[in-house]
Amino acid sequence: MLPAAVPRYRERGMFTGIEAPAANSAAGRVRALETESAFTAAARVQERRAAGLPVFDLSIGEPSEPPSPSIVEAAARALRDEPVRYTPPAGLPLLREAIASERTARGAPCSAADVFVTPGAKQALLHAVLATVEPGAEVLLPDPGFRPWISQVHLAGGRPCAYPLTGPTGGPTADAIAEHVTRRTRVLLLNAPGNPAGGAATARELERIAELARAHGLVVITDDIYARLWYGDGESAPLLADAAGALIAVDGFSKAWSMTGFRLGAVVAPARYHVALERLAVATHSCVPGFVQAAGVAALAEAPERLRARVARLRVSRDAGAVAFSRIPGVHCAPPDGGLYLFPDCRALLAALDTSDTALAQRLLTEHGIAVLAGSDFGPGGAGHLRLSLAATRSALDAAAAALDHISSTVLS
């Protein structure tokens, strides 16, 4: 049974948080927040390692390879040669220009004036939500999806509501979204390729979603953090580029350039949100350190072959992993369109074991030293699946497939 403090679904896909206050405790808006299962799993991994127990960590979407030397050197050079002082709340002009140029080249035209640099994409998402969500407004979120979105909508006083991912590869569709729009819906959040399933949307489907948003007067927030980790044709997954001046795009450097610890992201928004975003920056983090922004400039200046090579290595792991897990009785694993994760469907195996995805994930950790996440951690739409990070080593993926195959062999053959 879920703890009382964990937001849950109601009828028609509504997410709800707790309401009852408690004396001498954290404010209700904080008690209603969820933790992120990837960080909880990472803590368990560290506990096992501290105890001298072997573990393969496929729980968190953190690239195993380090950032390029040019990125590290750019940060170090800025620390050596420039004063470490406050920077403009919206970010340094050089980085803002580089972000705008790179997004424009990928088919989402914008200017440097539209870009606001943030300490990580998660902070960018929070600012986008706070800038657009009024108390009581409904916000449509993908199910399965990245759970911190729910907490962020609750912080803004909004009402997070789920829409299913019904595209051919588990991406968003205009038809599925349309069924969940009500007169109270104000914001639509897209993530394609998404976390956890990696499904994307075609350019035509994104146009249909934009048409739907215009018809209902919705603000669209796109989380584009995985768009560069794209296994289809071209350099990037299709990006939504127009929503009648009501599109806010969120991006970051963590996944594509192995810069998770740098904490560098950006919000790209039309002019009517600029004052709100600058006020949020001043009220929350003031600015992003200059040496971190220098690293971001270096990342965007990298030869494109470096990113292509990273994606090619991930594609090899994706293809091999999808085949290996699909060979396991009771498991099917569709190769994702993009992103950092495999999301094998284990429902037949779970039925044979008479257990849940949460219990199976725990069994993999305790009996086999394999750290993965349960699909239900990402919403009811993910139930019966497991999420495994492609950013882990191939040996970790092979060990996970072998462990799951061993478990399957006890009930299926």
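Since the model is a prediction, treat every value here as computed from it, not as a measurement.

1. With respect to the overall build of the chain
What the chain contains, in helices and strands, is 14 helices and 14 strands. Whereas a compact globule of 413 residues would reach a radius of gyration of roughly 22 Å, the chain reaches 21 Å, a difference of no more than 12%. Dimensions along the principal axes, computed over C-alpha positions, put the chain at roughly 60 × 50 × 50 Å. Relative to its full complement of 413 residues, the chain shows a buried share of 55%. Within the chain, residue pairs in contact and separated by at least 24 positions form 72% of the contacts whose partners lie at least 6 positions apart.

2. A look at helix α9 (residues 274-284)
Of all the residues in α9, the buried ones are H274, L277, L280 and A281. End-on, the buried residues of α9 take up no more than an arc of 130°, which puts them together on one face. Turned more than 90 degrees away from the buried face of α9, the exposed residues are V275, R279, V282 and A283. Considering only its buried residues, α9 is in contact with β4 (115-118), α5 (121-132) and β10 (265-268). Two residues or fewer after α9 comes S286, characterised by a positive phi angle close to 70°.

3. Overview of the sheet that holds β10
Pairing within the open sheet is mixed, and its 7 strands lie in the order β4-β10-β9-β8-β7-β5-β6. Because the sheet does not close on itself, it has two edges, and the strands there are β4 and β6 (159-164). For this sheet, the mean inter-axis angle between neighbouring strands, taken without regard to orientation, is 25°. Alignment of β4 against β10, held across 4 bridges, turns out to be antiparallel. Across the sheet, residue F116 finds its bridge partner in β10, namely V267.

4. Considerations on the sheet that holds strand β14 (residues 386-389)
Ordered by their spatial adjacency, 3 strands build an open sheet running β11-β14-β13, and the pairing between neighbours is antiparallel. Of all the strands in the sheet, just β11 (341-342) and β13 (373-374) have a single pairing partner and so form its edges. Where β13 and β14 come together, 2 bridges link them in antiparallel fashion. In the strand pairing of β14, L373 is matched with R387.

5. Observations regarding the confidence of the model for the chain
For the chain, the mean per-residue pLDDT works out to 91, and 93% of the residues sit at or above 70. Per-residue pLDDT stays below 50 along residues 1-11; that stretch engages in 26 contacts with residues further than four places along the chain or on separate chains.

6. What to know about the packing of helix α11 (residues 304-326) against helix α14 (residues 394-409)
α14 packs onto α11 with a crossing angle of 10° between their chain directions and a minimal axis gap of 10 Å. Taken together, α11 and α14 sit at an angle that is classed as roughly parallel. Contacts between α11 and α14 involve V316, S317, A320, A324 and F325 from the former and R394, L397, A400, A401 and L404 from the latter. Taken together, the residues of the contact of α11 with α14 sort by class into 8 nonpolar, 1 polar and 1 charged.

7. Remarks on the environment of L95
Secondary-structure assignment places L95 in helix α4 (residues 93-105). On the basis of relative accessibility, which here comes to 0%, the residue L95 falls in the buried class. When the C-alpha atoms of L95 and E36 are compared, they prove to be 30 Å apart, with 59 residues separating the residues in sequence. Excluding anything up to four places from it in sequence, L95 contacts V117, F253, L264, Q293, G296, V297 and L300.

8. Some points on the pairing of strand β7 (residues 185-190)
The element β7 is extensively covered by neighbouring structure, given that 5 of its 6 residues are classed as buried. Relative to strand β8 (residues 219-223), β7 runs parallel, the two being bridged by 4 bridges. Residue pairing for β8: L190 is matched across the bridge by T222. Remark: the β7/helix α8 (residues 203-216)/β8 crossover connection has right-handed handedness.

9. Overview of the nonpolar core
L58, I221, F253, F325, L364, L386 and L404 are the most contacted members of the largest nonpolar core, which has 91 residues in total. When residues of this core are assigned to their parent elements, the largest contribution, 8 residues, is made by α14. Counting residues in each nonpolar core, the second largest holds 18 residues, with A174, L190, L212 and L247 among its members.

10. Comments concerning the environment of A105
In this structure, A105 sits in helix α4. Taking relative accessible area as the criterion, A105 reaches 69% and is therefore assigned exposed. The spacing of A105 and E235 is 130 residues in sequence and 9.8 Å in space, taken between C-alpha atoms.

11. A short note on the pattern of salt bridges
Summed over all chains, the structure comprises 21 salt bridges. The closest approach of N and O atoms between R310 and E65, which form a salt bridge, is 3.6 Å. Of the two residues, R310 is situated in helix α11 and E65 in the loop between β3 (56-57) and α3 (69-81); the sequence distance between them amounts to 245 residues. With a relative accessible area of 29%, E65 lands in the partly exposed category. When the shortest N-O distance is used, the salt bridge between R347 and D345 registers 2.5 Å. On the basis of relative accessible area, R347 is assigned to the partly exposed category, the value being 49%. Three or more residues are tied together by salt bridges with common partners; here these are E102, R103, R106, D224, R228 and D251.

12. Concerning the packing of aromatic side chains
In total, this model carries 3 aromatic pairs according to the counting rule given. Plain terms: the ring middles of F146 and W149 are 5.5 Å apart, the flat faces sit at 80° to each other, and that makes the pair edge-to-face. As far as the burial class goes, F146 and W149 line up, both buried. Summarising the aromatic geometry, the rings of Y226 and Y341 are spaced 5.7 Å apart at their centres and angled 75° between planes, so their arrangement reads as edge-to-face. A residue pair is termed long-range when its members are at least 10 positions apart, and Y226 in the loop between β8 and β9 (247-252) and Y341 in strand β11 qualify at 115 residues. Considered together, Y226 and Y341 belong to a single accessibility category, that of buried residues. Across the ring face of Y341, the terminal group of R387 is positioned such that the distance to the ring centre comes to 3.8 Å.

Rules of the game
- Residues numbered from 1 in each chain as written.
- Predicted model: local features only at pLDDT ≥ 70, side-chain atom pairs only at ≥ 80, totals over all residues.
- Heavy atoms only, no water.
- Helix = DSSP H or I, 4+ residues; strand = E, 2+ residues; numbered from the N terminus.
- Rg over C-alpha atoms; globule rule 2.2 N^0.38 Å.
- Buried < 20%, exposed > 50% of the residue type's maximum accessible area, 1.4 Å probe, protein only.
- Contact = heavy atoms within 4.5 Å.
- Arc of directions from axis to C-beta.
- Pairing = 2+ DSSP bridges.
- Axes fitted to C-alpha atoms, helices over the stretch in contact; angles between N-to-C directions.
- pLDDT = per-residue confidence, 0-100.
- Parallel < 35°, antiparallel > 145°, perpendicular 65-115°, else oblique.
- Nonpolar A, V, L, I, M, F, W, Y, C, P; charged D, E, K, R; others polar.
- Right-handed = clockwise from strand over helix to strand, strands pointing away.
- Core = buried A, V, L, I, M, F, W, Y, C linked by side-chain atoms within 4.5 Å.
- Salt bridge = Lys/Arg side-chain N within 4 Å of Asp/Glu carboxyl O.
- Phe/Tyr/Trp six-rings, centres within 6.5 Å; stacked < 30°, edge-to-face > 60°.
- Lys NZ or Arg CZ within 6 Å of the ring centre and 35° of its normal.

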